[in-house]
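# Secondary and tertiary structure notes
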Amino acid sequence: MDCLFCKIIGGEIPSTKVYEDDMLLAFRDINPQAPEHIVIVPKTHIRSANEINSDNVKYISAIWEKIPQIAADLGFAENGYRVINNCGHDGGQTVEHLHFHLLGGKTFTDF
Ligand code: AMP
Ligand code: ZN
């Protein structure tokens, strides 16, 4: 499958990993929008939030279970952070493998 994030999960394309288990991979965004910008992906190809269903929602649950731990390990949990999912064209999604942006290390004042 010609999917950038599947290739990162498979190790075909390198990434700077910050956390990994059997359900998810978290790595540094190549074009960070904050001092800390982590991309978190499920280790199964889900195209977007529109494809979350009762069979694959366990991956979303696993991701949200680990977000506070990843933020804590990177040292910004206490100060807080922002989690973003872009879905589809209007949402600004550019990689068609569901992912969450975990952003920290600054105070966001915009919406
Ligand atoms: P989105 O626009 O929500 O689909 O986000 C895709 C994100 O993937 C962007 O923030 C990109 O900077 C990031 N990205 C693209 N290619 C890579 C890569 N090879 N390694 C890490 N992050 C990447
Ligand atoms: Zn994929």
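Note that this is a predicted model, so its numbers are computed, not measured.

## A short note on the overall build of the protein
- Scanning the protein from terminus to terminus reveals three helices and five strands.
- When the helices and strands of the protein are listed from N to C terminus, the series reads α-β-β-β-α-β-α-β.
- A compact globule built from 111 residues would reach a C-alpha radius of gyration of about 13 Å, and the protein, at 13 Å, matches this within 12%.
- Taken along its principal axes, the extent of the C-alpha atoms in the protein is 35 × 30 × 30 Å.
- Taken across its 111 residues, the protein has 38% of its residues classed as buried.
- The long-range fraction of contacts in the protein, counting pairs at least 24 apart against all pairs at least 6 apart in sequence, stands at 53%.
- Here the protein displays about 6,600 Å² of accessible surface, and carbon together with sulfur accounts for 48% of that area.
- Taking the average place of the 9 positive charges on the side chains of the protein and the average place of its 15 negative ones, the gap between the two points comes to 2 Å.

## Re the pattern of salt bridges
- Tallied over the entire structure, the rule returns six salt bridges.
- Residue R28 pairs with E36 through a salt bridge whose shortest N-O separation is 2.9 Å.
- Judged by relative accessible area, R28 falls into the partly exposed class, the value being 32%.
- Among the residues examined, E36 registers a relative accessible area of 18% and is labelled buried.
- Close ionic contact of R47 with E96 constitutes a salt bridge, the shortest N to O distance being 3.2 Å. Here E96 lies in the loop between α3 (88-91) and β5 (100-104) and R47 lies in the loop between β3 (36-42) and α2 (57-74), a separation of 49 residues in the sequence.
- Using a relative accessible area of 41% as the deciding quantity, one classes R47 as partly exposed.

## Concerning the site of ligand 1
- D29, N86, T94, H99 and H101 are the nearest of the 15 residues found near ligand 1.
- In the model, a nitrogen atom of ligand 1 is placed 3.2 Å from a nitrogen or oxygen of the I30 main chain.
- At 3.0 Å, a backbone N or O of V95 approaches an oxygen atom of ligand 1.
- Here ligand 1 loses 83% of its free accessible area of 510 Å² to cover by the protein chains.
- Listing elements by their share of the shell around ligand 1, those giving two or more residues are α1 (4-10) and β2 (24-28).
- Among the elements that make up the shell around ligand 1, the one with the highest residue count is α1 (three residues).
- Each residue belonging to the shell around ligand 1 can be placed in one class, and the counts come to six nonpolar, seven polar and two charged.

## Considerations on the packing of aromatic side chains
- A complete count under the given rule lists three aromatic pairs for this structure.
- Ring geometry for F5 and F27: centres 5.5 Å apart, planes at 70°, overall edge-to-face. Note that F5 is positioned in helix α1 and F27 in strand β2, a separation of 22 residues in sequence.
- Assessed through its relative accessible area of 6%, F5 is described here as buried.

Procedures and definitions
- Residues numbered from 1 in each chain as written.
- Chains lettered and ligands numbered in written order.
- Predicted model: local features only at pLDDT ≥ 70, side-chain atom pairs only at ≥ 80, totals over all residues.
- Heavy atoms only, no water.
- Helix = DSSP H or I, 4+ residues; strand = E, 2+ residues; numbered from the N terminus.
- Rg over C-alpha atoms; globule rule 2.2 N^0.38 Å.
- Buried < 20%, exposed > 50% of the residue type's maximum accessible area, 1.4 Å probe, protein only.
- Contact = heavy atoms within 4.5 Å.
- Areas by Shrake-Rupley, 256 points an atom, 1.4 Å probe, with all protein chains shown as cover.
- Lys, Arg positive; Asp, Glu negative; His and termini not counted.
- Charge placed at Lys NZ, Arg CZ, Asp CG, Glu CD.
- Salt bridge = Lys/Arg side-chain N within 4 Å of Asp/Glu carboxyl O.
- Near = heavy atom within 4 Å.
- Polar contact = N/O pair within 3.5 Å; in protein donor to acceptor, adjacent residues only side chain to side chain.
- Nonpolar A, V, L, I, M, F, W, Y, C, P; charged D, E, K, R; others polar.
- Phe/Tyr/Trp six-rings, centres within 6.5 Å; stacked < 30°, edge-to-face > 60°.

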